[in-house]
Amino acid sequence: MFRWAVQGEENTKYFQACAMERLKRNAITNLLMSDGRLIENHDEKVAAFYDCFKRRMGVSNQLEFDFELSKLIQKCQGLEELSVPFTKEEIDNVIKIIPADCAPGPDGFDGIFLKVCWEIIKEDFYALCEDFWNGTINLQCLNTSFITLIPKKLTPETVNDYRPISLLNCVLKVMTKILCERLQRWILKVLHHNQYGFIKTRTIQDCLGWAFEYLHQCKQSGREIVILKLDFEKASDTMEHSFILKM
């Protein structure tokens, strides 16, 4: 770490060696397919990733509800606050808390650019957010992203060993963060108290603690007990958008 701080940004042999090592580590040389084939051709690898993620996130089954959500879920009062026009104060607050070193999207702008140049560009952002709320802006030219693959383990072999993430343009990051900050004020009132993942003040490790405690109680009871564990594979990726909108 000390050597990188001293020589990391200089075009030395050490810098070139680090860059080459990172390139080799991030390169996807081959993929193991479900039928046991090992593919190394670039076009075949691209097709494998595209087909896998399209089946997972780009296919709709047009599900029909056999129940009424209004009878299962009690409506939370006060959610109208989520759809009020954006204020300059909350836009300014998002710029303050947005990470300065976030990875840039296709536009090449990161958090530090927004913070340093905010006094120059803020009026354009105010106008953009207002047009977005009014529904009078076409975001197609801005709604582009870089998709990169993050390995889930040290030695990934199959397509499922990689997680895709999208690097958005800074404009969409700001508007998404505004909506996220609004939702954070209500999320604990809307979600069930057993929901732990991705919620501030809660951690997924609490679920593990409850599970170990329950197993301990079952073992101490001395009775014959059947425990059923259900896990929905890729649950977030396969969620129907129509269901989310109805919720």
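The rules behind each value
Residues numbered from 1 in each chain as written. Predicted model: local features only at pLDDT ≥ 70, side-chain atom pairs only at ≥ 80, totals over all residues. Heavy atoms only, no water. Helix = DSSP H or I, 4+ residues; strand = E, 2+ residues; numbered from the N terminus. Buried < 20%, exposed > 50% of the residue type's maximum accessible area, 1.4 Å probe, protein only. Contact = heavy atoms within 4.5 Å. Lys, Arg positive; Asp, Glu negative; His and termini not counted. Charge placed at Lys NZ, Arg CZ, Asp CG, Glu CD. Core = buried A, V, L, I, M, F, W, Y, C linked by side-chain atoms within 4.5 Å. Patch = residues over 30% accessible without salt bridge, like charges linked within 9 Å, V, L, I, M, F, W, Y side chains within 5 Å. Areas by Shrake-Rupley, 256 points an atom, 1.4 Å probe, with all protein chains shown as cover. Salt bridge = Lys/Arg side-chain N within 4 Å of Asp/Glu carboxyl O. Polar contact = N/O pair within 3.5 Å; in protein donor to acceptor, adjacent residues only side chain to side chain.

A. Spotlight on the overall build of the protein chain. Within the protein chain one finds eleven helices and four strands. The principal-axis extent of the C-alpha atoms belonging to the protein chain is close to 70 × 50 × 40 Å. Considering the protein chain as a whole, with its 247 residues, one finds that 20% of them fall into the buried category. Sequence separation of 24 or more characterises 54% of the internal contacts of the protein chain that already satisfy a separation of 6 or more. Separation between the mean location of the 31 positive side-chain charges and that of the 34 negative ones in the protein chain comes to 4 Å.

B. Layout of the nonpolar core. The biggest cluster of nonpolar side chains holds 19 residues, and the ones touching the most others in it are I91, L114, W118, F125, V174 and I178. If you list the elements that add at least two residues to this core, you get α5 (88–97), α7 (118–134) and α8 (170–184). Ignoring anything within four residues of it in the chain, the contact list for L114 reads I95, I98, I121, F125, C170 and V174. Core analysis: the next-biggest nonpolar cluster, separate from the first, contains eight residues, A48, F49, F53 and Y162 among them.

C. Region of interest: a nonpolar patch on the surface. Together, L208, F212, Y214, L215, I225 and I227 line one region of the surface with nonpolar side chains, adding up to about 610 Å² of accessible area. Relative to the helices and strands, L208 is located in helix α10 (residues 205–221).

D. How the structure looks around the side chain of K45. Relative to the assigned elements, K45 resides in helix α3 (residues 42–57). For K45, the side chain forms a polar contact with the main-chain oxygen of I28, separated by 2.5 Å. Setting aside its immediate chain neighbours within four residues, K45 contacts I28, T29, N30, L31, I39 and E40.

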